[in-house]
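So you can see what is in the structure, the chains are spelled out below.
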Amino acid sequence: MRVAGKGLIDRSVPVRFTFDGRTIEGVAGDTVASALLANDIRLMGRSFKYHRPRGVVTAGSDEPNALISVGPGIDIAPNTRATMQEVYPGLIARSQNRWPSLRWDAMAVNDLVSPFLAAGFYYKTFMWPRAFWERVYEPIIRRAAGLGALSGAPDPDRSEKAFAHCDLLVIGAGPAGLMAALTAAEAGADVILATEETRVGGRLLSETESVGGQSAVDWARATQARLADMPNVRVMTRTTVTGAYDDGTYGALERVALHLAPAADAPPPTCFWRIVARRAVLAAGALERSIAFPSNDRPGIMSAAAVRTYLNRYGVSPGRKLAIFGNNDEAHRTAADLAAAGVKVAALIDTRADATSTGDWPFYPGAEVIETQGRLGLEGITIRKPGGNRLRLGADALAVAGGWNPAVHLTCHMNGRPVWNEEIAAFVPSNGAVPGLIPCGAAAGVFTTAGCFADGARAAGEALEALGTPRKPVDLPEADETPYVLTPKWVVAAPGRAWLDLQNDVTTKDIKLAAQENFRSVEHMKRYTTQGMATDQGKGSNVTALALLADATGRTIAETGTTTFRPPYVPVAISSLGAGHAAKGFAPERFTTSHAASVKLGAPMIEAGLWYRPSYYPEPGETSWREACDREVRMVRNAVGVVDVSTLGKIDIQGPDAGAFLDFVYTNTFSTLKVGRVRYGLMLREDGHVMDDGTTARLGPEHYVMTTTTAAAGQVMAHLEFVAQGLRPDLNVRLTSATEQWAQFAVAGPKSRDLLNTLVDAEVTDEDFGFMSCGEVTISGVAARLFRISFSGERGYEIAVPARYGAALYRLLLAEAEMFGGGAYGMEALNVLRIEKGFITHAEIHGRTTAFDIGMQGMMSGKKDFIGKAAAARPGLVDPKRERLVGLRPVDPANELTAGGFLFDKGSDATRVNAQGYTTSVGWSPTLDTSLALGFVKSGPGRWGEEMRFVDHLRGLDFAVTLGDPMAFDAEGGRMRG
């Protein structure tokens, strides 16, 4: 079926692969679909519901039928579009959704009982008998569900992820996209041009028209070379932009090596890009729709644009005798291209009665296709001429031109709705649907080549103006200006099933049934019929279905509206989205910048949240961790200690409403915090219980940095994003997680300021850095942030530097600390220090405690609203008899407390019903020479001084303890305030 002299393929390079075990010969540049058509193979798949024979319909990513599985064994990739999969030597391709074979599919029996399987039958059938659901219905549905199948083995895919930034992202490389990229590039903008095709040109590669005095293909090739030579342009072929997100972020899937034979040194199969663009131009083109007529789903029936693509780009004719059916001049363009290539045109059927023939072929104006013949492929068509006379024609392929639908999908990904354009009978993007995204060309409803060139330049000019970049004049090439004219024709009125969603077997009758049963909303119709829920997301069928629903409900198409288009634009494998997140990438070992130094010092590492942190630093002669811990605690209390606190969550909060935002998420007020000051904050969940605590520093009038606990860093970031987007979208604020961007070290102890002053370029004084203050300092010229805060109860500072300087700063801090009789301390000592001071962690704010329980009800402002305020005031959550925070120590200092033990009144039995409280955090205090604990006891603060019975059934402990102030050491805070 190859056509001599046609195509952009390399016929000198044969490529052999297999399809369902049969060896197929293609050539370099073929897709699986074009190679199969070239070998006269039209049957490529089976439909989902009725298992009807199906062939290729399109030539791009909108293909609904020709889905195949690619690869052997555990490498198998199901639901791959044959229209997008390039052939390579040794490629293994299999058809799907059939048994035992594609030609003889046992499940095709479903088609015989189709009258009983109409739209919505599952909602009515599987309701009764109720007991059948788990034992009968669900197992059957699960076995029948799906198209292709995975291997069931762990995925060996090693895809990549990448990030890019640009001034202008141009989505699509047809005439509009190329002109937009050229215009912006010539002005000096940093441009990324992304196209899902293997080369730039878009529809120019499928047409025989001229551009700028040369063939459209030659012009596209020259333009690609011109762009490739420009240092400010990145051309990304085989890259589909899949979604539009906040702040100019776009997802894009690059098919890096899916066109290459597997090899040990092969690049990753795919790469998922996150592209952040200051502006974007949508030049994604348009998708040709069909016309619904009886039996319009047979293999050999495809879009007219696809026929031209296979002919002009791949040098393949989809049939020996082709008929064309359409309602616009694309049908005539297709007939002209076929005839010029020597392919027999059996008939041109134009629904427009006033249409005139443009060539020497059988022409039937005002006629319609009302039936087709053939089992596994088209063999003939029946047309109805004006007046009702019928005529049967022999044809093994039928090209259908029903009009163009602009590819508006990306403009809908942020809740934008397209608008109906009556002139072109299609939906076009609404203005400003995605901030910073400018539609142009066919994606905006401009369907002439010359118009696309002009509109691409216009869109780039708008983007450059918004970027503040002067535009340089770019010459527009001469191109076709033939206007796009059509007379809408959605459905042919004739007996028989007319198909809409070919993959899900949705018919025109199903749409009418949905309306009849009062599923009049487009979203309800979609779910009732499954229209548009296939892997192509209804790209070729949605608008026709909407037109039918509008007719059935007595509304206009504009009044009916559209379903919601969501990302991704094309299917994306989970392995591509989650690239790098297998094995340790899924559960990573996260190391601080000081990790290597701590390991070298012999520190055992323990998991803290997602991080590994040093437990303690043993010294020669020490035989237990307790000895090292006691020494480190005394070192901090008497000299100076250094600990890496980089694992604490650090969230950068900026914007004119940053203060108001913090007031809403914290119980206390932050909008009044002065620049250069730090404040401790408490954060509640919506149910009134404590979510997290931490400090927040104000670095500038609109700039804050929030610190969270290590364990809750991710939870708090997600919470803040939800608040900003869902609860307070009125506030102008931006949030960025900066945890890994800063290495931060706590320097604590009486000599901490002396240590810092050996490193910083300008002296640190109490006047400049009083307690709970912050500011910038430099260390050997490196900018750093300094915070005067303490988690140890001693004079303390936290110094933060960009992460790349973390390891060097840690080594310097330890070297200087030794000069003052100090050194590194680990998590065990850190825990003891904070227990001595009564400072809480998530051992205390474990999800069931309130601000009242931990004695911080005074931080709940009565002058403003905040999350959890109303819920926290419920009587049950402020009952004085609740379990509340206390400090504990054994009556006999020789006894050691344990976490998780229970507290009972003296003399009472140690049973569940008598429990008065429990311990949460414990540690041996070398400062006070006793075991200390924090815990919760009913009516806690009112029972200070009382003796209780401590019992740990698991460890066999039972002794008396005394309740008291959680702050067992320096309750007045004089040591940390200086």
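The preceding data block contains the structure.
Before going into details, it helps to say that this report is about the structure given with it.

With respect to the sheet that holds strand S46 (residues 930-938)
Next, step 1: Within the closed barrel, the six strands sit side by side as S43-S46-S45-S44-S47-S48. Their pairing is antiparallel. Along the sheet, successive strands turn relative to each other by an average axial angle of 45 degrees, direction set aside.
Next, step 2: Alignment of strand S43 (residues 883-890) against strand S48 (residues 957-964), held across four bridges, turns out to be antiparallel. Within S48, the residue paired with Pro890 across the bridge is Val961.
Next, step 3: Relative to strand S45 (residues 917-925), helix H20 (residues 827-837) is tilted by about 115 degrees, and along the sheet it contacts S45 and S46.

What about the nonpolar core?
Next, step 1: If you look at the biggest cluster of nonpolar residues, it comprises 50 residues, and the most contacted ones within it are Phe17, Val32, Leu36, Val56, Tyr310, Ile324 and Leu338.
Next, step 2: The leading source of residues in this core is helix H1 (residues 32-38), at six residues.
Next, step 3: Judged by nonpolar contacts, the second largest core, of 37 residues, contains Leu178, Ala181, Leu182 and Leu464.

Details of the pairing of strand S21 (residues 368-373)
Next, step 1: In terms of burial, S21 is largely enclosed, as five of its six residues are buried.
Next, step 2: Of the pairings in the sheet, the one linking S21 to strand S22 (residues 380-384) comprises five bridges and is antiparallel in character. Residue pairing for S22: Val369 is matched across the bridge by Ile383.
Next, step 3: The antiparallel pairing of S21 with S22 creates a hairpin that spans six residues between the two strands, and Gly374 there sits at a positive phi of about 125 degrees.

Looking at helix H4 (residues 175-186)
Next, step 1: Given a rise of 1.5 Å per residue, 12 residues ought to cover 16 Å, and the 16 Å separating the end C-alpha atoms of H4 matches this to within 8%.
Next, step 2: The element H4 is largely enclosed, with a buried count of 11 among its 12 residues.
Next, step 3: Here H4 has its buried residues at Pro175, Ala176, Gly177, Leu178, Met179, Ala180, Ala181, Leu182, Thr183, Ala184 and Ala185.
Next, step 4: The elements touched by buried residues of H4 are strand S8 (160-171), strand S9 (191-194), helix H5 (216-228), strand S12 (233-236), strand S15 (270-282) and helix H8 (449-467).
Next, step 5: Just downstream of H4 lies Gly188, where phi reads positive at about 95 degrees.

What about the pattern of salt bridges?
Pairing between side chains becomes possible if they bear opposite charge and their charged atoms approach one another.
Next, step 1: By the definition in use, this model includes 50 salt bridges.
Next, step 2: Asp30 is the partner of Arg2 in a salt bridge, and the nearest nitrogen-oxygen pair spans 2.3 Å. Residue Arg2 is located in the segment before strand S1 (10-19), and its partner Asp30 is located in the loop between strand S2 (22-28) and H1; the two are separated by 28 residues in the primary sequence.
Next, step 3: Arg320 serves as the salt-bridge partner of Asp40, at 3.2 Å between the closest nitrogen and oxygen. Within this pair, whereas Asp40 is found in the loop between H1 and strand S3 (45-46), its partner Arg320 is found in the loop between helix H6 (304-312) and strand S18 (321-326), the two being separated by 280 residues in sequence.
Next, step 4: Residues participating in the shared-partner salt-bridge network are Arg203, Glu207, Glu209, Arg308, Glu330, Arg333 and Asp480.

A word on the environment of Gly177
Next, step 1: With respect to the helices and strands, Gly177 occurs in helix H4.
Next, step 2: The exposure class assigned to Gly177 is buried, which follows from its relative accessible area of 0%.
Next, step 3: Separated by 130 residues in sequence, Gly177 and Val307 have C-alpha atoms that sit 23 Å apart.
Next, step 4: Setting aside chain neighbours within four positions, we find Gly177 in contact with Val170, Gly172, Leu193 and Ala283.

Procedures and definitions
- Residues numbered from 1 in each chain as written.
- Predicted model: local features only at pLDDT ≥ 70, side-chain atom pairs only at ≥ 80, totals over all residues.
- Heavy atoms only, no water.
- Pairing = 2+ DSSP bridges.
- Helix = DSSP H or I, 4+ residues; strand = E, 2+ residues; numbered from the N terminus.
- Axes fitted to C-alpha atoms, helices over the stretch in contact; angles between N-to-C directions.
- Contact = heavy atoms within 4.5 Å.
- Core = buried A, V, L, I, M, F, W, Y, C linked by side-chain atoms within 4.5 Å.
- Buried < 20%, exposed > 50% of the residue type's maximum accessible area, 1.4 Å probe, protein only.
- Expected span 1.5 Å × (residues − 1).
- Salt bridge = Lys/Arg side-chain N within 4 Å of Asp/Glu carboxyl O.

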